[in-house]
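# Notes for the structure review
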Amino acid sequence: MSTTSRHRAHAGRSTAIIVAIALATTGATSLVTDEPAAGTVPAPSTFTLDDTGLNGHPQDVGGWSTALAAHGDDIYFSRMQATSNPAQIRQFVVHQDAQGTLNSVDLGIIENNPGHALPTLQTDGRGHLHVTYRVHSDPIDDGYVRAIEPGGLGAGVAANFPAEYADVLSTYASMATAPNGDVYLAVRNRLGQTHHSGELFRFAVGAEEWAHVARFASQAGYTFYIPSIAIDDAGHVHIAWMWRLGSPGNERHVGSYAEYRPESDTFHRSNGATYSLPITTTTADAYKPRGSRSWTSAGLSSQKIALDDGSPVIAFQYHQNGGLSSPRDSRVATLAGGSWQESLVV
C-alpha cells in the first residue's frame, strides 16, 4: 500500500467532520477548520482535500455509503481517483490525526461504478478502522480490511469472517458501532439472480473476530435492498431496508424495519413483537407499505435510519407517481402511538 502525508494546523474537530461530508458530496476543495469566537470574524485556517495528493471524484459519496469515520482525534474519509482507463477507478482512505497530518492508503483499482462500490468506514471501540470496499456482489472476504493499530491506517488485516460465510456476495454495506465497542455490518447477499437476502454480522472487539448474526430478511423471487443501521444506547441494532420484485433494479417498495436485541439474539418489530426469521415482504414491519402501487412501478429510491432518543427515524425518497422519471419527495417516517407516521419534508 502506498502512502502520502502532508501537515496542516488543526482546530474545530466537529466542524471538520460535518464539512467534510458536504465537501465530498459537492466536489468542493476548501475545508474550514476554525470555529469563530463569539462576536468575532476570524481569518479561518484551512487545508484542502488536494493536500492529500488526490484529485477526488464527482461520486466520492453515495446515498448508502458512509464515507467518514472518527475515533477521538482521528478522522478518516474515503476518496475516489479517476484512472487513465474510464472503466476503472481507484479507491483511497485518508486519515487525519490530532496534529493535522494527512496520510492516504491506496485500496486498489475497481470497476468505475462508485454508486455500488464506494467504501464504507467505521471505527470499533479500540479505535481500529474497518473498511468495506469492492462490494458489488463480491465475496465479503475480498472487500474488507481492518487497520492493524488504533489511530492509524497501517498495513491492513485481512478479514476473518466465518469460513461458511466468507463467500457471501455482498453489496451495500452498512456499519455501526455499539456502546460496548463491537461493530455490526449489514449487507445484501446475492443468493441468485432473483433472490438477494439481508445478512447481519458482528465484530467482537474483545476477541477481534467476526461472527454471522443472522440471515434476517430473505424471500425467493425478491431482492433485499440497501440496508441502513443505527445502534441505540442499549446496544440494540435498528435496521431499515427495501424490497424489489425479482432481480435488482430501481422499482423498490415495502420500506421495512427491524430491531435486533443481542441479549436475547432476537429480531423485533417496532411494537416489540418478535419476528420469525427470515423476514419477508409479507411479514415485514413496513414503515412505507407498497399500497396500491404495483411491484413494477416506481416507489422508494433511497433511505437512511437514525435514532431520536432511541426511537427510529427513517428518512427516505419516494417517487410522486409510478414512473421512474417522476419527481421524488423527501419524507420521514417516525413512530407515534405505536404506529408509523409519515411526514413530507420536501
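This is a predicted model, so every value here is computed, not measured.

### Some remarks on the layout of surface pockets
- In this structure, the second largest pocket encloses a volume near 260 Å³.
- Lining the second largest pocket are 14 residues, with Ile229, Ala230, Ile231, Ile305 and Ala306 positioned closest to its centre.
- Mapped by element, the contributors of at least two residues to the lining of the second largest pocket are β12 (169-177), β16 (222-231) and β21 (300-308).
- Within the lining of the second largest pocket, the residues separate by chemical class into nine nonpolar, four polar and one charged.

### Examining the sheet that holds strand β22 (residues 311-319)
- Ordered in space as β21-β22-β23-β24, the four strands form an open sheet in which the pairing is antiparallel. Of all strands in the sheet, those bounded by a partner on one side alone are β21 and β24 (339-344). The average undirected angle you get between the axes of adjacent strands in this sheet is 25 degrees.
- Where β22 meets strand β23 (residues 328-336), seven bridges bridge the pair, whose relative direction is antiparallel. Residue pairing in the sheet places Ala315 in a bridge with Val332 of β23.

### A look at the confidence of the model for the protein chain
- On average, residues of the protein chain score 81 in pLDDT, and 79% of them are at 70 or above.
- Low pLDDT, under 50, characterises residues 1-48; the predicted model gives this stretch 82 contacts beyond four residues in sequence or across chains.

### Some words on the packing of aromatic side chains
- In the structure shown here, the tally under the stated rule is 19 aromatic pairs.
- Centroid distance Phe161 to Phe201: 5.3 Å. Interplanar angle 80 degrees. Geometry classified as edge-to-face. Of this pair, Phe161 sits in the loop between β11 (144-146) and β12 while Phe201 sits in strand β14 (residues 195-204), and the two are 40 residues apart along the sequence.
- Residue class for Phe201 comes out buried when judged on its relative accessible area of 0%.

### Focus: the environment of Val213
- Within the element layout of this structure, Val213 appears in strand β15 (residues 209-217).
- You can call Val213 buried: its relative accessible area is 16%.
- Each C-alpha atom of the pair Val213 and Pro262 lies 9.0 Å from the other, and the pair is 49 residues apart in sequence.
- In contact with Val213, not counting residues within four places along its chain, are Tyr184, Leu200, Phe201, Arg202, Tyr260, Asp265 and Phe267.

Reading guide: rules and limits
- Along each chain, numbering runs from 1 in the same order as the chain's sequence is written.
- In view of the model being predicted, local features appear only for residues whose pLDDT reaches at least 70, and side-chain atom pairs are presented and counted only at 80 or more, with totals across whole chains, interfaces and linings using the full set of residues.
- Values shown for side chains rest on all heavy atoms present in the structure; no hydrogens or waters enter the calculation.
- Cavity: a set of points on a 1 Å grid over the protein atoms alone where a 1.4 Å probe fits but cannot get out. Pocket: an open set with protein on both sides within 12 Å along at least five of seven lines, its lining residues, like those of a cavity, having an atom within 4 Å of a point.
- Grid points are joined across faces, edges and corners, and a volume is the space filled by probe spheres set on the points.
- Here a helix means four or more residues in a row that DSSP labels H or I, a strand means two or more in a row labelled E, and each is numbered from the N terminus.
- Each residue is assigned to one class: nonpolar for Ala, Val, Leu, Ile, Met, Phe, Trp, Tyr, Cys and Pro, charged for Asp, Glu, Lys and Arg, and polar for all the others, Gly among them.
- Pairing between strands is defined by DSSP: at least two bridges between the two strands are required.
- Note on method: axes are straight lines fitted to C-alpha atoms, helices fitted across the in-contact stretch only, with angles between N-to-C directions ranging 0 to 180 degrees.
- As a per-residue measure, pLDDT reflects the predictor's confidence and takes values from 0 up to 100.
- Residues are treated as being in contact if the distance between any of their heavy atoms lies within 4.5 Å.
- Pairing of aromatic side chains here covers Phe, Tyr and the six-membered ring of Trp, requires ring centres within 6.5 Å, and sorts the geometry by plane angle: under 30 degrees stacked, over 60 edge-to-face, intermediate tilted.
- A 1.4 Å probe rolled over the protein chains alone gives each residue an accessible area, and that area as a share of the maximum for its type sets the label: buried under 20%, exposed over 50%, partly exposed in between.

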